[in-house]
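Notes for the structure review
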Amino acid sequence: MSRLDAKKPSLCRSEPLTSERVGTTLSVLKRIVTSCYGPSGRLKQLHNGSGGYVCTTSQSSALLSHLSVTHPILKILTTSVQNHVSSFSDCGLFTAILCCNLIENVQRLGLTPTTVIRLNKHLLSLCISYLKSETCGCRIPVDFSSTQTLLCLVRSILTSKPACTLTRAETEHVSALILRAFLLTIPENAEGHIILGKCLIVPLKGQRVIDSTVLPGILIEMSEVQLMRLLPIKKPTALKVALFCTTLSGDISDTGEGTVVLSYGVSLENAVLDQLLNLGRQLVSDHVDLVLCQRVIHPSLKQFLSMHRVIAIDRIGVTLMEPLTKMTGTQPIGSLGSISPNSYGSVKDVCTAKFGSKHFVHLIPNEAAICSLLLCNRNDTAWDELKLTCQTALHVLQLTLKEPWALLGGGCTETHLAAYIRHKTHNNPESILKDDECTQTELQLIAEAFCSALESIVGSLEHDGGEILTDMKYGHLWSVQADSPCLVNWPDLLSQCGCGLYNSQEELSWSFLRSTRHPFVPQTCLSHEAVGSVSNLTLDCLTAKLSGLQVAVETANLILDLSYVIEDKN
């Protein structure tokens, strides 16, 4: 077809970061993510102007997925953060805020992008090397033989999400449930390469959070009437299971453009029903105790199986197919023909359960690492946020199992790291300027911009007008409430640092965040005695934070390196 309108030329914009529009949109995005950060972060409501679903959240995964971003530069930033969150679940807001801060701070310096990018890479490498080193003063080992550190890690995630609306007692209860659910996904006889099981989150909205619980196995929701029709099975051995991924309703599949040819006097419906009953006879002869079907089972087949004391459950849905396959060891059956004996699996037992107003069939596994977390909350909004938070916590525990280390949270890692970088670049710049392509002055400027970006994240934790201090020994964060007297002895106002590891009774000196001070060496090599003596630490996932740090710096470098934005207007 011929073109009706003349093709428009592409729109080419040079130096996109100097555009007022870009600066304004980046500033708006920064204010949005900054205001969400931390336990006292402000919630955001996202909805379509035409109506529909309203999302209330402070989590980056929900926030960015509901934001409509059109500008290419913002698209790069939000997509990078979303990719990080899809892989690591945690530290999304940290990544977004750090990236925005780096871009904003570096733009004020007037240095060439090449110089900025090169030095940013050096400083990123310095950060990662330090955080992974044995001398790191903000990294602690995670002992899986004790629940203390693991509970601290889960609790830190829950308390950072205010939209979950949890009390302290509810936070402790849900933390313990998440940890128990995670431990149930670890195979009992795991040796060498471990393949973790799965935790299924079952919704119970409108119930008390304290009523949440964890059960081994899988819960299949059913109506009370259906549940009453199920016959109890009592066997000393495991129950044999058949799992169907095709319909057993007797419906004729769509033939498309083809035709079905029938002999005279043959009823297609009766022929299909006969085939279903033949299938039922094979299941009975193979001593199958439980038949599970993803879709619908024909009533006649259900009745036939019930007469032979076989439990038949249909409409289980596609979501449960993979967990059921893992838990029972079955191979999903996709045809009505003869069934291979290898297709069958087993479960330890089948029983019924009632939670709130819902009824379930509970499949209890033999050994498979599958469990169900029945999650309660007061309303739909709070439940949606709590579900997302529980998924994040479970993923963080999986990451920690692979790399059993955690970072001190509450902003202490950021302030400690900023102090370490300032000291390193001030007292030992030669270790960074190995290629002699940058001057020491340029290094100091970029290092200060980098440290200021880290400290700005910490500043985002305070939303009520309070002040933030750092101590001159450990480089940790200390928070002072708003309206506190100016002339006061600091230990009288300060109780604990942000992560909870140190208290103000030690002989420490403090300074305000971002105040001018001489670079100092923050104490490294955490003592195991100091860490073990504190039962309520605030912690961050090491793996997620390292990735967030890397993604933030690399995304900022990519955006700073952009010379043109070319837009096709057709």
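Details of the structure are given in the entry above.
The paragraphs below set out a description of the structure included in this document. Since the structure is predicted, the reported quantities are computational estimates derived from the model, not experimental observations. (Residues numbered from 1 in each chain as written. Predicted model: local features only at pLDDT ≥ 70, side-chain atom pairs only at ≥ 80, totals over all residues. Heavy atoms only, no water.)

Turning our eyes to something else, we now look at the overall build of the protein chain. Looking only at helices and strands, the protein chain features 17 helices and 20 strands. By its C-alpha atoms, the protein chain is 95 × 75 × 45 Å across when sized along the principal axes. Looking at the protein chain as a whole, 48% of its 570 residues qualify as buried. Here the protein chain contributes 46 positively and 51 negatively charged side chains, and the mean placements of these two sets differ by 5 Å. (Helix = DSSP H or I, 4+ residues; strand = E, 2+ residues; numbered from the N terminus. Buried < 20%, exposed > 50% of the residue type's maximum accessible area, 1.4 Å probe, protein only. Lys, Arg positive; Asp, Glu negative; His and termini not counted. Charge placed at Lys NZ, Arg CZ, Asp CG, Glu CD.)

Aromatic ring pairs are reported here in terms of the distance separating the ring centres and the angle at which the planes meet. Under the counting rule described, the total for this entry stands at 4 aromatic pairs. With a centroid separation of 3.9 Å and an interplanar angle of 15 degrees, the aromatic rings of Tyr-130 and Tyr-420 are classed as stacked. Within this pair, whereas Tyr-130 is found in helix H5 (residues 113–131), its partner Tyr-420 is found in helix H13 (residues 412–427), the two being separated by 290 residues in sequence. One exposure class covers both Tyr-130 and Tyr-420, and it is buried. It is Arg-139 that lies over the ring of Trp-405; its NZ or CZ is 3.6 Å from the centre. The lysine or arginine in question, Lys-545, covers the ring of Phe-94, its NZ or CZ lying 4.7 Å from the ring centre. (Phe/Tyr/Trp six-rings, centres within 6.5 Å; stacked < 30°, edge-to-face > 60°. Lys NZ or Arg CZ within 6 Å of the ring centre and 35° of its normal.)

Turning next to helix H10 (residues 299–307). Residues of H10 that are buried include every one of Leu-301, Phe-304 and Leu-305, and no others. Within H10, the buried residues cover an arc of 95 degrees as seen down the axis, which keeps them to one side. In this structure, H10 carries Pro-299, Gln-303 and Met-307 as exposed residues pointing more than 90 degrees from its buried face. Tucked inside the fold, the buried residues of H10 contact helix H9 (268–285), strand S9 (290–293) and strand S10 (311–313). Positive backbone phi, approximately 55 degrees, marks Arg-309, located one or two places after H10. (Arc of directions from axis to C-beta. Contact = heavy atoms within 4.5 Å.)

Moving on: the sheet that holds S10. Pairing within the open sheet is mixed, and its 4 strands lie in the order S10-S9-S8-S11. Sheet topology places S10 and strand S11 (345–347) at the edges, where each strand pairs with a single neighbour. The average angle at which neighbouring strand axes cross in this sheet is 30 degrees, direction not considered. Bridging between strand S8 (residues 239–244) and S11 involves 3 bridges; their strand directions are antiparallel. Looking at S11, one finds that Leu-239 is bridged to Val-347. (Pairing = 2+ DSSP bridges. Axes fitted to C-alpha atoms, helices over the stretch in contact; angles between N-to-C directions.)

If you look at the biggest cluster of nonpolar residues, it comprises 121 residues, and the most contacted ones within it are Leu-77, Leu-98, Ile-103, Leu-131, Ile-178, Ile-421 and Leu-501. Contact partners of Ile-421, with chain neighbours within four places excluded, come to Leu-123, Leu-126, Cys-127, Ala-447, Phe-450, Cys-451 and Leu-454. The next biggest cluster of nonpolar side chains, apart from the first, holds 24 residues, and it includes Leu-200, Leu-230, Leu-239 and Met-321. (Core = buried A, V, L, I, M, F, W, Y, C linked by side-chain atoms within 4.5 Å.)

In an α-helix, one turn spans 3.6 residues, which is why side chains three or four residues apart end up on the same side. In a regular helix each residue adds 1.5 Å, so 16 residues correspond to 22 Å; helix H4 (residues 92–107) covers 23 Å between its end C-alpha atoms and thus fits that length. Burial analysis of H4 places 14 of its 16 residues in the buried class, the great majority of the element. (Expected span 1.5 Å × (residues − 1).)

Take the side chain of Thr-328 next. You can see Thr-328 is positioned in helix H11 (residues 321–328). Take Thr-328: its relative accessible area is 6%, and that puts it in the buried class. A polar contact is formed between the side chain of Thr-328 and the backbone oxygen of Leu-324, at a distance of 2.6 Å. Residue contacts for Thr-328: discarding those within four places in its chain leaves Val-241, Gly-345, Ser-346 and Val-347. (Polar contact = N/O pair within 3.5 Å; in protein donor to acceptor, adjacent residues only side chain to side chain.)

On to the state of the cysteines, then. Within the structure shown, the criterion is met by 0 disulfides. Left unpaired, Cys-541 is separated from the closest cysteine sulfur, that of Cys-91, by 6.7 Å. Look at Cys-541 and you get buried, because its relative accessible area is 1%. (Disulfide = S-S within 2.5 Å.)

With that settled, the discussion passes to the environment of Val-174. As for its placement among the helices and strands, Val-174 is situated in helix H7 (residues 168–184). Judged by its relative accessible area of 2%, Val-174 falls in the buried class. The contacts of Val-174, once residues within four sequence positions are left out, are Leu-158, Val-209, Leu-386 and Cys-390.

Under the definition given, this model contains 16 salt bridges. Across the pair Arg-422 and Glu-448 runs a salt bridge, and its minimum N-O distance is 2.9 Å. With Arg-422 in helix H13 and Glu-448 in helix H14 (residues 440–459), this pair connects stretches of sequence that are 26 residues apart. Owing to a relative accessible area of 16%, Arg-422 belongs among the buried residues under this scheme. The exposure class of Glu-448 is partly exposed, given its relative accessible area of 40%. A salt bridge links Lys-545 to Asp-540; its shortest N-O distance comes to 2.8 Å. (Salt bridge = Lys/Arg side-chain N within 4 Å of Asp/Glu carboxyl O.)

Strand order in the open sheet made by the 3 strands is S7-S13-S12, with antiparallel pairing throughout. The open sheet has two edge strands, strand S7 (218–222) and strand S12 (349–355), and neither has a second partner. Sheet twist, expressed as the average angle between the axes of neighbouring strands with direction ignored, equals 30 degrees. Relative to strand S13 (residues 358–364), S12 runs antiparallel, the two sharing 7 bridges. Directly across from Asp-349, in S13, lies its bridge partner Ile-364.

Another aspect to go through is the packing of H13 against H14. Running from amino to carboxyl end, H13 crosses H14 at an angle of 170 degrees, the nearest separation of the two axes being 9 Å. Taken as axis vectors, H13 and H14 run roughly antiparallel relative to one another. Where H13 abuts H14, its residues Glu-414, Thr-415, Leu-417, Ala-418, Ile-421, Arg-422, Thr-425 and His-426 lie against Leu-443, Gln-444, Ala-447, Glu-448, Phe-450, Cys-451, Ser-452, Leu-454, Glu-455, Ile-457 and Val-458. When its residues are assigned to classes, the contact of H13 with H14 shows 10 nonpolar, 5 polar and 4 charged. (Parallel < 35°, antiparallel > 145°, perpendicular 65-115°, else oblique. Nonpolar A, V, L, I, M, F, W, Y, C, P; charged D, E, K, R; others polar.)

On to unusual backbone geometry, then. At Cys-91, a residue that is not glycine, the phi angle is positive and equals roughly 70 degrees. Within the element layout of this structure, Cys-91 appears in the loop between helix H3 (72–88) and H4. Overall, the relative accessible area of 10% leaves Cys-91 in the buried class. With a phi angle near 55 degrees, Thr-165 is a residue other than glycine that sits in the positive phi range. The residue Thr-165 is located in the loop between helix H6 (148–159) and H7 in this model.

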